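Single-letter residue listing:
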Amino acid sequence: MKSFEWVQPESVAEATAALAHPGAMALAGGVDLLDRLKERVDAPSRLVSLRRLPLAEIVEADGETAIGARVTLAQIAADPKLARSHRILADAASHAATPQVRAMATLGGNLAQRPRCWYFRSEAFSCKKNGGATCFAHAGDNQLHAIFGNATCAATHPSTLATALVALGARVAIAGKASRTVDLHGFFLAPEKDLAREVDLAPGELITHVVVPKLPATVKTAYTKQVAKQSFDWPIVDVAVALRMDGGTCKEAKVVLGAVAPTPRRATEAERVLTGAAVDVITAGRAAKAAVTGATPLAHNDHKVAILEVVVARTILAAIGKAV
Ligand SMILES: Cc1cc2nc3c(=O)[nH]c(=O)nc-3n(C[C@H](O)[C@H](O)[C@H](O)COP(=O)(O)OP(=O)(O)OC[C@H]3O[C@@H](n4cnc5c(N)ncnc54)[C@H](O)[C@@H]3O)c2cc1C
């Protein structure tokens, strides 16, 4: 492993200054980044530890909830207020990884973690993300890869918390030369925009908080993570749904698909089917069919299309309290 400088700032301003150094990288829980160093995917010149930054609290203000970037997945999963106000976020956090990983992994690191594509993570393959000319998943082992938006690079975005947070309409607060807040969905970058980055963070920038708006009581939500085995696992697909209801009629719908594309995907066709419709088993089935429209599965992952359709239908029905 290449040697690197170790910096442990005490404030966000010190951290962003330290991160502006060429080749510097932020280190939060280290669950992803330390693997990448060991796998030789990254060789930073400087590691900037976020451990001492005052970003480990969940705070309610002006009707919104601001979750610090250093808040762990375990904290999110166990927070009683979040369990009441934004249950799908707590669900997504409690179903991610293992108790040991959740105790270390932070929200900021979870959103900025890099894809788990085995070709990207192997020093034996110089894939497009690593500056090469080939996406090896296209002709290779691709059973867990993307079924949408996979023409340039077939790696899926790994964050399952992102699926729930996009459905909740979350925003990301970013510190750097100029502080800014962006819509979380737009924070994720498709490979056609930038192959080398999955998130809209420039050198010297740091996620400080994720801000989640208050949900009116009329918004009904559900989250499902479909895994291959009962114990901890990465998802085959995960789905989050938020429906603003007026009685039995859906006035506004968000259907978000995870682990199926290089970024969390809004299923806009499914949202169109739901909006203005009475939500029942028939509509949920039609919306689910619409959600998989346009899928471009690879040689070994068309099972993901069939699984996704079922999980979307079930999650819509779970949101309105009709679990099947
Ligand atoms: C067995 C296993 C199963 C897993 N299952 C799941 C799962 O089901 N769902 C899921 O979502 N994840 C899963 N993970 C991944 C895990 O949740 C992430 O690796 C973890 O959340 C990363 O957080 P971290 O704090 O350790 O980040 P780090 O490893 O410290 O950092 C990750 C990346 O984010 C950057 N970064 C960290 N903090 C910030 C910040 N505040 N601002 C800007 N950049 C930042 C770092 O520079 C680095 O590039 C699993 C991991 C394992 C080992």
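The sections below set out a description of the structure shown in this document. What you see is a predicted model, and the numbers here were worked out from it, not measured in a lab.

How each quantity is defined
- Residues numbered from 1 in each chain as written.
- Predicted model: local features only at pLDDT ≥ 70, side-chain atom pairs only at ≥ 80, totals over all residues.
- Heavy atoms only, no water.
- Helix = DSSP H or I, 4+ residues; strand = E, 2+ residues; numbered from the N terminus.
- Buried < 20%, exposed > 50% of the residue type's maximum accessible area, 1.4 Å probe, protein only.
- Polar contact = N/O pair within 3.5 Å; in protein donor to acceptor, adjacent residues only side chain to side chain.
- Phe/Tyr/Trp six-rings, centres within 6.5 Å; stacked < 30°, edge-to-face > 60°.
- Lys NZ or Arg CZ within 6 Å of the ring centre and 35° of its normal.
- Axes fitted to C-alpha atoms, helices over the stretch in contact; angles between N-to-C directions.
- Parallel < 35°, antiparallel > 145°, perpendicular 65-115°, else oblique.
- Contact = heavy atoms within 4.5 Å.
- Nonpolar A, V, L, I, M, F, W, Y, C, P; charged D, E, K, R; others polar.
- Pairing = 2+ DSSP bridges.
- 1 Å grid on protein atoms, 1.4 Å probe; cavity = no way out; pocket = protein on both sides within 12 Å on 5 of 7 lines; lining within 4 Å.
- Points joined across faces, edges and corners; volume = space filled by probe spheres on them.
- Left-handed = near helix turned anticlockwise from the far one by under 90°.

### Some remarks on the side chain of Thr 106
And then number 1: Among the secondary structure elements, Thr 106 is positioned in the loop between helix H6 (99-104) and helix H7 (107-112).
And then number 2: The class of Thr 106 is buried, set by a relative accessible area of 6%.
And then number 3: At 3.1 Å, the side chain of Thr 106 forms a polar contact with the backbone nitrogen of Gly 109.

### Brief notes about the packing of aromatic side chains
When we look at a pair of aromatic rings, we describe it by the centre distance and by the angle of the planes.
And then number 1: This model, assessed by the stated rule, comprises 4 aromatic pairs.
And then number 2: On the basis of an interplanar angle of 85° and a centroid distance of 4.9 Å, the ring pair of Tyr 119 and Phe 125 is categorised as edge-to-face.
And then number 3: Their ring planes at 65° and their centres at 5.8 Å tell us that Phe 187 and Phe 188 sit as a pair that is edge-to-face. We note that Phe 187, like Phe 188, is buried.
And then number 4: Three or more aromatic residues joined by ring pairs make a cluster, and in this case those are Tyr 119, Phe 125 and Phe 136.
And then number 5: In this structure, Arg 265 is placed above the aromatic ring of Phe 148, and the distance from its NZ or CZ to the ring centre is 3.9 Å.

### Focus on the packing of helix H5 (residues 87-95) against helix H8 (residues 160-167)
In a pair of packed helices, the angle between the axes and the distance between the axes together describe the arrangement.
And then number 1: At a minimum axis distance of 8 Å, the contact between H5 and H8 shows a crossing angle of 175°. Comparing the axis directions of H5 and H8 gives the class roughly antiparallel. The segment H5 lies against H8, with Ile 88, Leu 89, Ala 92 and Ala 93 engaging Thr 160, Leu 161, Ala 164, Leu 165 and Ala 167.
And then number 2: For the contact of H5 with H8, the class distribution of residues is 8 nonpolar, 1 polar and no charged.

### Focus on the sheet that holds strand E8 (residues 206-212)
And then number 1: One open sheet holds the 5 strands; their spatial order is E4-E5-E8-E6-E7, and the pairing between them is antiparallel. Two strands bound the open sheet, and with one partner strand each, they are strand E4 (58-61) and strand E7 (180-183). Direction aside, the axes of adjacent strands within the sheet are offset by 25° on average.
And then number 2: Both strand E6 (residues 171-175) and E8 contribute to a ladder of 5 bridges, which runs antiparallel. Paired with Arg 171 across the strands is Val 211, a residue of E8.

### What to know about empty space enclosed by the protein
And then number 1: In the structure shown here, the tally under the stated rule is 2 cavities of 30 Å³ or more.
And then number 2: By volume, the largest cavity amounts to about 80 Å³.
And then number 3: A breakdown of the residues in the lining of the largest cavity according to their chemical character gives 10 nonpolar, 1 polar and 2 charged.
And then number 4: By volume, the second largest cavity amounts to about 50 Å³.
And then number 5: Around the second largest cavity sit Pro 115, Lys 129, Cys 153, Ala 155, Leu 189, Ala 190, Pro 191, Asp 194, Arg 197, Glu 198 and Pro 262, which together line it.

### Some words on the packing of helix H11 (residues 281-291) against helix H12 (residues 303-319)
And then number 1: Viewed as axis vectors pointing N to C, H11 and H12 meet at an angle of 140°, and their least axial separation amounts to 8 Å. Classified by the interaxial angle, the pair formed by H11 and H12 is oblique. Between H11 and H12 the crossing geometry is right-handed. Residues Val 281, Ala 284, Ala 287, Ala 288, Lys 289 and Ala 291 of H11 form the contact with H12, whose participating residues are Glu 309, Val 312, Ala 313, Ile 316 and Leu 317.
And then number 2: Its residues assigned to classes, the contact of H11 with H12 comprises 9 nonpolar, no polar and 2 charged.

### Observations regarding the sheet that holds strand E10 (residues 237-246)
And then number 1: Pairing is antiparallel across the open sheet formed by 4 strands, whose spatial order is E9-E10-E11-E12. On the outer flanks of this sheet lie strand E9 (219-226) and strand E12 (265-266), each paired with one strand and no other.
And then number 2: As judged from the 8 bridges shared by E9 and E10, these two strands associate in the antiparallel manner. Paired with Ala 222 across the bridge in E10 is Val 241.

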